[in-house]
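Structural features, examined
Chain residues, written in single-letter form:
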Amino acid sequence: MSGDPRTTRTSEPGVLALGLPDPVPDPSLPARVRIHEVGPRDGLQNESALVPVEVKAEFVARLAGAGLRTVEATSFVHPKWVPQLADAEDLMPRLAGLTGHHPGLRLPVLVPNERGLDRALAHHATDVAVFASATETFARRNLNRSADEAMAMFDPVVARATAAGVPVRGYLSMCFGDPWEGPVPAAQVIGFGVRLLEMGCAELSLGDTIGTATPGQVTALLAGFARAGVPMARLAVHFHDTYGQALANTLAALRSGVTVVDASAGGLGGCPYAKSATGNLATEDLVWMLHGLGIETGVDLAALAATSGWMAGQLGRPSPSRTLRALLGGSA
């Protein structure tokens, strides 16, 4: 399932060859957005069939080749909890030469605790991330401890990584809605988020884990962080497209000044601990919108689409990304 998205099955030229989407810049939006690609980690972690490590390594390499400069590679979580990522030690050496071929490439990895950090540092990880929860129920289901206990667990992880010169990203899940608790108060989200930043996290990614956020919620939450003294430059957004709101929510975040957006190639992903969480915002859909707004990403959309089409073939099922299906037709 691969193909050249610059061509179609008809005699008409492909849309990218025609110069579409036609960029119309909006001066109120950022000039450039950094896409934090999560497909190899967050995208694949929910797959029931194990993906061979050779395929994962090629996936990362193809994404880097498409111009993505932040590609979250894997997680050093215990294999019992996420079997799909049990091959982290095998994958990392296969990625060792990529940064030399792609200047500026970052390959962050998720670490759940100090043991995970030890494993990551042993494999020369240059960036790590921790994964906290804004709600009590999800913290207990995902981390097997209370939200406060999880924060205490992350404190030495962040301190040790920072001391080693390794920047830490903090993920905060369930920022807009929780499948057990319902709406999540903004003050609660801001409280946990500020704690992660004060702990030493260089960046905070706000997750709409089950995809229930709407643009008004996004704008209000970001305004709350701003009132708490958090610069938008330290925030990222991570939307799931469960209710088709991911792009609208992203645009709301951009209008608030956010310049880092998480996305997953081909729309891969979900959450093994929240069954109502469907796929992430597809990177192709995000890039199409950003390029249409005249926003620079550094991403070659044709190469990205070919990569996601290839991965759809490896997984044996079509991609949910509308842009990908439009570009590749029946081969996506």
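Residues numbered from 1 in each chain as written. Predicted model: local features only at pLDDT ≥ 70, side-chain atom pairs only at ≥ 80, totals over all residues. Heavy atoms only, no water.

Looking now at the overall build of the chain. Secondary structure summary: the chain contains 13 helices and 10 strands in total. Here the C-alpha atoms of the chain give a radius of gyration of 19 Å, agreeing with the 20 Å that 2.2 N^0.38 yields for 332 residues. Oriented by its inertia axes, the alpha-carbon framework of the chain measures out at about 60 × 45 × 35 Å. By residue count, 55% of the 332 residues in the chain fall in the buried class. For the chain, the share of sequence-separated contacts (at least 6 apart) that also reach a separation of at least 24 residues comes to 76%. Within the structure as shown, the chain displays about 13,300 Å² of accessible surface, and the carbon and sulfur contribution to it stands at 55%. Of the charged side chains in the chain, 26 are positive and 31 negative, and the gap between their average positions amounts to 2 Å. (Helix = DSSP H or I, 4+ residues; strand = E, 2+ residues; numbered from the N terminus. Rg over C-alpha atoms; globule rule 2.2 N^0.38 Å. Buried < 20%, exposed > 50% of the residue type's maximum accessible area, 1.4 Å probe, protein only. Contact = heavy atoms within 4.5 Å. Areas by Shrake-Rupley, 256 points an atom, 1.4 Å probe, with all protein chains shown as cover. Lys, Arg positive; Asp, Glu negative; His and termini not counted. Charge placed at Lys NZ, Arg CZ, Asp CG, Glu CD.)

Further remarks concern the environment of Ala223. Considering the arrangement of structural elements, one finds Ala223 in helix α9 (residues 215-227). For the pair Ala223 and Leu268, spaced 45 residues apart in the sequence, the C-alpha separation amounts to 30 Å.

Let's shift gears to the packing of aromatic side chains. Taken as a whole and judged by the stated rule, the model has 3 aromatic pairs. Relative to Tyr171, the ring of Phe131 has its centre 5.9 Å away and its plane inclined at 40 degrees; by these criteria the two rings are tilted. Here Tyr171 lies in strand β5 (residues 168-173) and Phe131 lies in strand β4 (residues 128-133), a separation of 40 residues in the sequence. Owing to a relative accessible area of 3%, Tyr171 belongs among the buried residues under this scheme. Taking the ring centre of Tyr171 as reference, the NZ or CZ of Arg41 above it sits at 5.4 Å. Taking NZ or CZ as reference, Arg62 lies 4.3 Å from the ring centre of Trp310, over its face. (Phe/Tyr/Trp six-rings, centres within 6.5 Å; stacked < 30°, edge-to-face > 60°. Lys NZ or Arg CZ within 6 Å of the ring centre and 35° of its normal.)

A separate point is the packing of α9 against helix α10 (residues 246-255). Geometry of a packed helix pair, given as the angle between the helix axes and the separation of the axes. Two elements in contact, α9 and α10, have axes whose closest approach is 8 Å; the angle formed by their N-to-C orientations is 30 degrees. It follows from the interaxial angle that α9 and α10 lie roughly parallel. Every pair of crossing elements has a handedness; the one defined by α9 and α10 is right-handed. Residues Pro215, Val218, Thr219 and Leu222 of α9 form the contact with α10, whose own contacting residues are Ala248, Asn249, Ala252 and Ala253. Tallied by class, the residues present in the contact of α9 with α10 amount to 6 nonpolar, 2 polar and no charged. (Axes fitted to C-alpha atoms, helices over the stretch in contact; angles between N-to-C directions. Parallel < 35°, antiparallel > 145°, perpendicular 65-115°, else oblique. Left-handed = near helix turned anticlockwise from the far one by under 90°. Nonpolar A, V, L, I, M, F, W, Y, C, P; charged D, E, K, R; others polar.)

What follows deals with the nonpolar core. Counting residues in hydrophobic clusters, the biggest one holds 96 residues, and the most contacted among them are Val109, Val128, Leu172, Leu196, Phe225 and Leu304. Considering each element in turn, this core owes the most residues, 8 residues, to helix α7 (residues 147-163). Each residue touching Phe225, except ones within four places of it in the same chain, is listed here: Val189, Ile190, Gly193, Val194, Leu204, Leu206, Val230, Met232 and Leu235. Val38, Leu110, Phe138 and Met174 belong to the second-largest nonpolar core, a separate cluster that totals 8 residues. (Core = buried A, V, L, I, M, F, W, Y, C linked by side-chain atoms within 4.5 Å.)

A few words now on the confidence of the model for the chain. For the chain, the mean per-residue pLDDT works out to 93, and 93% of the residues sit at or above 70. Confidence drops under a pLDDT of 50 for residues 6-10, and excluding neighbours within four residues, the segment shows 8 contacts in the predicted structure. (pLDDT = per-residue confidence, 0-100.)

Counting buried residues along strand β9 (residues 235-239), 5 of its 5 residues qualify, which places the element largely inside the surrounding structure. The alternating pattern of β9 places Leu235, Val237 and Phe239 and Ala236 and His238 on opposite faces, both of which are buried. As defined by bridge partners, strand β8 (residues 203-208) adjoins β9 across 5 bridges and the pair is classed as parallel. Residue pairing for β9: Leu206 is matched across the bridge by Val237. One crossover worth recording links β8 to the parallel β9 by way of α9, and it is right-handed. (Pairing = 2+ DSSP bridges. Right-handed = clockwise from strand over helix to strand, strands pointing away.)

The next subject is the layout of surface pockets. There is about 310 Å³ of room inside the second largest pocket. If you trace the second largest pocket, you find 18 residues lining it, with Asp241, Asp285, Pro320, Ser321 and Arg322 closest to the centre. For the lining of the second largest pocket, the secondary structure elements donating two or more residues are α11 (283-292) and α13 (322-328). Across the lining of the second largest pocket, the residue classes break down as 6 nonpolar, 8 polar and 4 charged. (1 Å grid on protein atoms, 1.4 Å probe; cavity = no way out; pocket = protein on both sides within 12 Å on 5 of 7 lines; lining within 4 Å. Points joined across faces, edges and corners; volume = space filled by probe spheres on them.)

This brings us to the side chain of His240. For His240, the position within the fold is in the loop between β9 and α10. With relative accessibility at 3%, the residue His240 sits in the buried group.

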